[in-house]
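# Survey of secondary and tertiary structure
Next come the chains, spelled out residue by residue.
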Amino acid sequence: MGSRSQLLATCLEIVQNGSPSELYEVIPHIRILRAEELLEPLIQLLESEDSELSSAAATALGSLGDEKGVARLRSAYFETSSRASDGTDSFPAAIIAALGEIPSALSVEALLEIFELEKKAEAEEPIRRELVVSALGQLAQQEVKAAETELFHLLDSPEILIQKVAITELCLAYWHRPSAAPTPLLERVFKMILNGPIEISSAAAGSLASLSQLGSQRAEELMNRLLER
């Protein structure tokens, strides 16, 4: 696509006039450019009546990684949730995923608000709440401390599925830095292996084993204690 300026011009043209598929094609370039010039056009595109286009815009905003987009993504989610839906709209899921791509405490705040909104909705399947937990995990991988703190709190969730996703995401956040996995986290995982229901125990054991294999000395010690029991 030529120089940076030419690439930016191409991306702007597609954001303003392209199809959803064309926008998805340039998202890797948007991730590299991280150009502020793309922020407002993408925010405007969130308001498109074409759900595929608005979903692509949300994904692109996440790739842009600019925390200035967080407030608009949050607003778009709450505006969408207030409208009737047949449950097939991909836009809310795209917004949640996008927030998980923007490494900011503001993203954590927005995700927690969405989590509480979905709890009040009392859906039979906590699909969107699960997506929120996964998005918090993405932020934790980017070392957003507030996201890690909230994931730790979710280990006490009354919902087994939420606990399971939270423990997996917490440990996954340390895969690229296993020696930094904090002892309080590893010991909590160890207790969940011993005392949790089978779904939680299995997820905790798999997570602890992975960190042990990746080089966490404390995780290895705890795995050895399990083998000795």
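Residues numbered from 1 in each chain as written. Predicted model: local features only at pLDDT ≥ 70, side-chain atom pairs only at ≥ 80, totals over all residues. Heavy atoms only, no water.

## Some details on the side chain of Ser-201
By the secondary structure assignment, Ser-201 is in helix H12 (residues 198–214). Ser-201 sits in the buried class, given a relative accessible area of 15%. Setting aside residues up to four positions removed in sequence, Ser-201 forms contacts with Met-192, Ile-193 and Gly-196. (Helix = DSSP H or I, 4+ residues; strand = E, 2+ residues; numbered from the N terminus. Buried < 20%, exposed > 50% of the residue type's maximum accessible area, 1.4 Å probe, protein only. Contact = heavy atoms within 4.5 Å.)

## Description of the side chain of Glu-169
With respect to the helices and strands, the residue Glu-169 is situated in helix H10 (residues 160–172). Lacking a salt bridge, the buried Glu-169 has Arg-177 as its closest oppositely charged neighbour, with an N-O distance of 11 Å. When residues no more than four places from it in sequence are discounted, the contact partners of Glu-169 are Val-133, Ser-134, Gly-137, Gln-138, Gln-141 and Leu-151. (Lys, Arg positive; Asp, Glu negative; His and termini not counted. Salt bridge = Lys/Arg side-chain N within 4 Å of Asp/Glu carboxyl O.)

## A look at unusual backbone geometry
Phi at Arg-34 takes a positive value of approximately 45 degrees, unusual for a residue other than glycine. Of note, Arg-34 is situated in the loop between helix H2 (20–33) and helix H3 (39–45). A residue is classified by how much of its surface remains accessible, and Arg-34, at 43% relative accessible area, is partly exposed. Phi at Glu-143 is positive, roughly 65 degrees, even though this residue is not glycine. With respect to the helices and strands, the residue Glu-143 is situated in the loop between helix H8 (127–141) and helix H9 (145–154).

## A few points about the packing of helix H5 (residues 70–81) against helix H6 (residues 91–99)
Two numbers describe how H5 lies on H6: the axes approach to 10 Å, and their chain directions differ by 155 degrees. The angle between H5 and H6 falls in the class roughly antiparallel. By crossing handedness, the relation of H5 to H6 is classed as left-handed. Side by side, H5 and H6 meet where Val-70, Leu-73, Ala-76, Tyr-77 and Thr-80 of the first sit next to Phe-91, Pro-92, Ile-95, Ile-96, Ala-98 and Leu-99 of the second. The class makeup of the residues in the contact of H5 with H6 is ten nonpolar, one polar and no charged. (Axes fitted to C-alpha atoms, helices over the stretch in contact; angles between N-to-C directions. Parallel < 35°, antiparallel > 145°, perpendicular 65-115°, else oblique. Left-handed = near helix turned anticlockwise from the far one by under 90°. Nonpolar A, V, L, I, M, F, W, Y, C, P; charged D, E, K, R; others polar.)

## Focus on H2
With 14 residues, H2 extends 19 Å between its outermost C-alpha atoms, agreeing within 8% with the 20 Å of an ideal straight helix rising 1.5 Å per residue. Considering bend angle alone, the principal kink of H2 is centred on Ile-27 and spans about 40 degrees; proline Pro-28 follows within four residues of it. Residues of H2 that are buried: Pro-20, Leu-23, Val-26, Ile-27, Ile-30 and Leu-33. On the buried face of H2, the contacting elements are helix H1 (4–17), H3 and helix H4 (51–64). Count one or two residues on from H2 and you reach Arg-34, which has phi positive near 45 degrees. (Expected span 1.5 Å × (residues − 1). Bend = angle between axes of the 7 residues up to and from the residue.)

## Let's talk about the pattern of salt bridges
The full count for this structure, using the stated rule, is 14 salt bridges. Salt-bridge contacts for Arg-218 lead to Glu-221; the nearest nitrogen and oxygen are separated by 3.0 Å. Here Arg-218 pairs with Glu-221, and both are found in helix H13 (residues 217–228), just three residues apart, close to one helical turn. Owing to a relative accessible area of 35%, Glu-221 belongs among the partly exposed residues under this scheme.

## Focus: the nonpolar core
Leu-23, Leu-38, Leu-73 and Leu-208 are the most contacted members of the largest nonpolar core, which totals 77 residues. It is H4 that contributes the most residues to this core, seven residues altogether. Excluding anything up to four places from it in sequence, Leu-208 contacts Leu-186, Val-189, Ile-193, Ala-219, Leu-222, Met-223 and Leu-226. (Core = buried A, V, L, I, M, F, W, Y, C linked by side-chain atoms within 4.5 Å.)

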